Each structure stands twice: as C-alpha cells, then as structure tokens.
Amino acid sequence: MVFSIAVSEIINKNAPVPLTGDVEEQIRYAASLGFDGVEIHTPSPEQVDADRIRTLCRELGIAVTTIGTGSIFGKFNLSIADPDPVRREVLYSMLTEYVDLASELGSKITIGSLKGNLSPDRDASLDIVRGELKRLSSYASGKGVKILLEATNRYENNYFNTGDEVASFIRSAGFGNVGILMDAFHMNIEEEDPFTCFENYGDLIWHIHIADNNRHFPGGGSFDFHSFADEIRRIGYDGIISVECLPYPDGKTAAVRSIGFMNEFFRA
Ligand code: LER
Ligand code: MN
C-alpha cells in the first residue's frame, strides 16, 4: 500500500488539502512523517519545477502519486462539460500541461471537480465529456500518463457521483488509460453501501482518497473505516491511499493524525 497526502502551494482552509504553502517544504514534511507519496494540487502546472521536485522526491524516497486539477475549476470555472467549445479548447491546452508535468514526475492526473456539470440535455452533454476525455486520454497515452476520473458527490457535480457510473462510462468508452478515483468522503454521501460497492469495479480503482465524513482527517469523524479497510483488503487493493482532508484543526496536526490512523487501519 502506498500512503499519500495532498499538498498545494495555495493556502485555503476551506479546501480539502492538508499540507499547504511552499510545496518542497510540504513534501519534506510528508516524507518525515512516513508518507510514501504526495499528490500535488496546483492551478499552474507550468510553474512547478519538475526537475527540482523529481530530484527532491528521489532523495526522500517519496513518489508523486497524482496531480490534482480541481483548482482550475475553482479559479477559472472551466470544466470538461463546458458547452462552449472555445472555453474547452482553453481547458484542453491547460490539461496538456498537467499531463506533461505528470509525465516528467512519473505520476497520473486527476479529473475530479473539473468534471463540472452536465447541461439539461444530459446525453448531448455526456457526448461532449466523452469527446474531451477521448482527446485528453490519447494525448496522455502518448506521454505514458494515466488519468483518474473521480466519483464526486451530487453537491459538487451532477454526474459520475458513484463508482458504478464512472466504471460503466470508462468501460463503454473503452479508454485504456483512464481509471477510477474513489473518495471515502463522497462515497459516504453517494454509495448505497460504501463497504461492498468496490466489488464490481475493483480492477479499475487506481487511487483512493480518504477523509472522514466531516472531511476532517480520517478518525476525526464517524465514518466506519474498519469496514472500509476490510473492503479494500477483500478486493485485494494494494495501491495508493491518499489523504485529502481539510487542514483541521491545522494542516500539520491533520497530517500527523492521518498517518497514525493509516498505519493502524491500512498497513497489512
Ligand atoms: C473534490 O471534492 C475532490 O474530492 C477532489 O479530489 C476533486 O478534484
Ligand atoms: Mn477527492
């Protein structure tokens, strides 16, 4: 199992990123706590110094597990479901920069909040989403990069709210380099049974986010992580589990409490 945590240069106590500020400093801190990986959330991939980050991560023995794109949804209100082709073109060119960075860092990219919302003609809107993901996945494939498509709750996005929905979409579109990102916080809202739902698409789960039901560090709320850990073991998942929680009561405390919890619940 690879234990990872979200880091970002953007300091925002309302965003579910525990370690914020200077990214290199946050990576050092994550490594010092025993994390095996970090996911980097950034609105400006072109400003991330890939050589420095790669060298630092190699020195510390820590991986970059994925690059989060959600902050461009927040900053520019762009999404892969945008009905305006000109805005989608702008977004596509930004996303190719994320893919380039991921390729240099040996990581994946996440499409979560960036899904946006389908318009009332859901079928036509889904065709747009399929088309955008098709060209992005083919660009990413040429760079050896995989894409994580996240199931997020209905209050953030009006489609792909459950793992089943994301799995059927990926399978029917036939994307080879797109997998599912499941997030315990969203699952607790959307899944009929968050402790058995992995059964049908375990092979497609390439990344897991954890936070408690209140989006505090795992163990800081009432989500049943015992049953969740059992489910993860039952499907034989041995991949990345990444903390994406609020910096509550502060980011460092959230990170310390998270790694302690993960060692107790998820180390085999
Ligand atoms: C948003 O709620 C989320 O979970 C992020 O991983 C999406 O980018
Ligand atoms: Mn998430």
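In this text, all values refer to a predicted model and were calculated from it rather than measured experimentally.

Rules and cut-offs
Residues numbered from 1 in each chain as written. Chains lettered and ligands numbered in written order. Predicted model: local features only at pLDDT ≥ 70, side-chain atom pairs only at ≥ 80, totals over all residues. Heavy atoms only, no water. Salt bridge = Lys/Arg side-chain N within 4 Å of Asp/Glu carboxyl O. Helix = DSSP H or I, 4+ residues; strand = E, 2+ residues; numbered from the N terminus. Buried < 20%, exposed > 50% of the residue type's maximum accessible area, 1.4 Å probe, protein only. 1 Å grid on protein atoms, 1.4 Å probe; cavity = no way out; pocket = protein on both sides within 12 Å on 5 of 7 lines; lining within 4 Å. Points joined across faces, edges and corners; volume = space filled by probe spheres on them. Nonpolar A, V, L, I, M, F, W, Y, C, P; charged D, E, K, R; others polar. Phe/Tyr/Trp six-rings, centres within 6.5 Å; stacked < 30°, edge-to-face > 60°. Lys NZ or Arg CZ within 6 Å of the ring centre and 35° of its normal. Pairing = 2+ DSSP bridges. Right-handed = clockwise from strand over helix to strand, strands pointing away. Donors = N, O, S within 2.8 Å, 3.2 Å for Na, K, Ca; no water. Tetrahedral: all angles 85-135°; square planar, octahedral: opposite > 155°, others 65-115°. Near = heavy atom within 4 Å. Polar contact = N/O pair within 3.5 Å; in protein donor to acceptor, adjacent residues only side chain to side chain. Axes fitted to C-alpha atoms, helices over the stretch in contact; angles between N-to-C directions. Parallel < 35°, antiparallel > 145°, perpendicular 65-115°, else oblique. Left-handed = near helix turned anticlockwise from the far one by under 90°. Contact = heavy atoms within 4.5 Å.

Q: Which residues make up the pattern of salt bridges, and what values do they have?
A: Between side chains of opposite charge, a pair can form when the charged atoms approach closely. A complete count under the given rule lists 17 salt bridges for this structure. Taking the shortest distance from any N to any O, the salt bridge between Arg135 and Glu89 comes out at 3.3 Å. Taken as a pair, Arg135 in helix H5 (residues 122-142) and Glu89 in helix H4 (residues 85-105) lie far apart in primary sequence, 46 residues in all. Of the residues examined, Arg135 reaches a relative accessible area of 24% and is grouped as partly exposed. A salt bridge links Asp203 to Arg171, with the nearest nitrogen and oxygen atoms 3.2 Å apart. Of this pair, Asp203 sits in the loop between helix H7 (184-190) and strand S8 (205-210) while Arg171 sits in helix H6 (residues 163-173), placing them 32 residues apart in sequence. Exposure remark for Asp203: the relative accessible area of 58% places this residue in the exposed category. Each of Arg88, Glu89, Glu132 and Arg135 takes part in one network of salt bridges that share partners.

Q: Any details on the layout of surface pockets? Residues and values, ideally.
A: There is about 590 Å³ of room inside the largest pocket. For the lining of the largest pocket, the secondary-structure elements that each account for two or more residues are strand S3 (37-41), helix H3 (70-76) and strand S5 (108-111). A per-element tally of the lining of the largest pocket places H3 first, with 5 residues. Looking at the lining of the largest pocket residue by residue, the class counts come to 7 nonpolar, 17 polar and 6 charged. Estimated volume of the second largest pocket: approximately 190 Å³.

Q: Quick one: what's the story with the packing of aromatic side chains, residue by residue and with numbers?
A: For the structure on display, the rule yields 12 aromatic pairs. Between Phe169 and Phe175, the ring centres sit 6.1 Å apart and the planes meet at 55°, which makes this aromatic pair tilted. Grouping residues by exposure puts Phe169 and Phe175 together as buried. Both rings, one in Phe261 and one in Phe265, keep their centres 4.0 Å apart while their planes meet at 15°; by these two values the pair is stacked. With Phe261 and Phe265 both in helix H9 (residues 251-265) and 4 residues apart, this pair spans about one turn of that helix. Judged by relative accessible area, which is 12%, Phe261 ranks as buried. Taken together through their ring pairs, the aromatic side chains of Phe195, Phe198, Tyr201, Phe223, Phe225, Phe228, Phe261, Phe265 and Phe266 make up a single cluster. One residue, Lys115, lies across the ring of Tyr159, its end atom 5.8 Å from the ring centre.

Q: Before we move on, can you summarise the pairing of strand S7 (residues 178-183) with the specific residues and values?
A: Within S7, 6 of the 6 residues are buried, leaving the element largely enclosed by the surrounding structure. For strand S6 (residues 147-150) and S7, the ladder comprises 4 bridges, and the chain directions are parallel. Paired with Leu148 across the strands is Gly179, a residue of S7. In this region the chain leaves S6, passes through H6 and returns to the parallel neighbour S7; the handedness of that crossover is right-handed. Inspection of the sheet shows S7 paired to S8 by 4 bridges, in the parallel sense. Across the sheet, the residue bridging to Ile180 is Ile205, located in S8.

Q: Give a description of the coordination of the manganese ion (ligand 2) that names residues and reports values.
A: Surrounding the manganese ion (ligand 2) are the protein donor atoms Glu150 (OE), Asp183 (OD), His209 (ND1) and Glu244 (OE), which sit 2.1 to 2.2 Å from the metal. Given 6 donor atoms and angles of 69 to 172° at the metal, the environment of the manganese ion (ligand 2) is assigned as octahedral. Spacing between the donor residues of the manganese ion (ligand 2) along their common chain follows E-x32-D-x25-H-x34-E. Here His209 lies in strand S8 and Asp183 lies in strand S7, a separation of 26 residues in the sequence. The burial state of Asp183 is the same as that of His209; both residues are buried.

Q: Residues and numbers for the site of ligand 1, please.
A: As a matter of local geometry, ligand 1 sits amid Gly112, Ser113, Glu150, Glu156, Asp183, His186, His209, Arg215 and Glu244. At 2.6 Å from an oxygen atom of ligand 1 is found a side-chain nitrogen or oxygen belonging to Glu150. Here an oxygen atom of ligand 1 sits 3.4 Å away from a polar atom, N or O, in the side chain of His209. Of the residues contributing to the shell around ligand 1, the split by class is no nonpolar, 4 polar and 5 charged.

Q: Give a description of the packing of helix H1 (residues 23-33) against helix H2 (residues 50-60) that names residues and reports values.
A: Working note: a packed helix pair is described by the angle between its axes plus the distance between those axes. Remark: H1 packs on H2, axes separated minimally by 11 Å, with the N-to-C direction vectors making an angle of 15°. Comparing the axis directions of H1 and H2 gives the class roughly parallel. At the point where H1 passes H2, the crossing takes the right-handed sense. Mapping the contact onto sequence places Val23, Glu24, Ile27, Arg28 and Ala31 in H1 and Arg52, Ile53, Leu56, Cys57 and Leu60 in H2. When the residues that make up the contact of H1 with H2 are grouped by side-chain class, the tally is 7 nonpolar, no polar and 3 charged.

Limitation: the analysis is restricted to geometry and does not speak to function.
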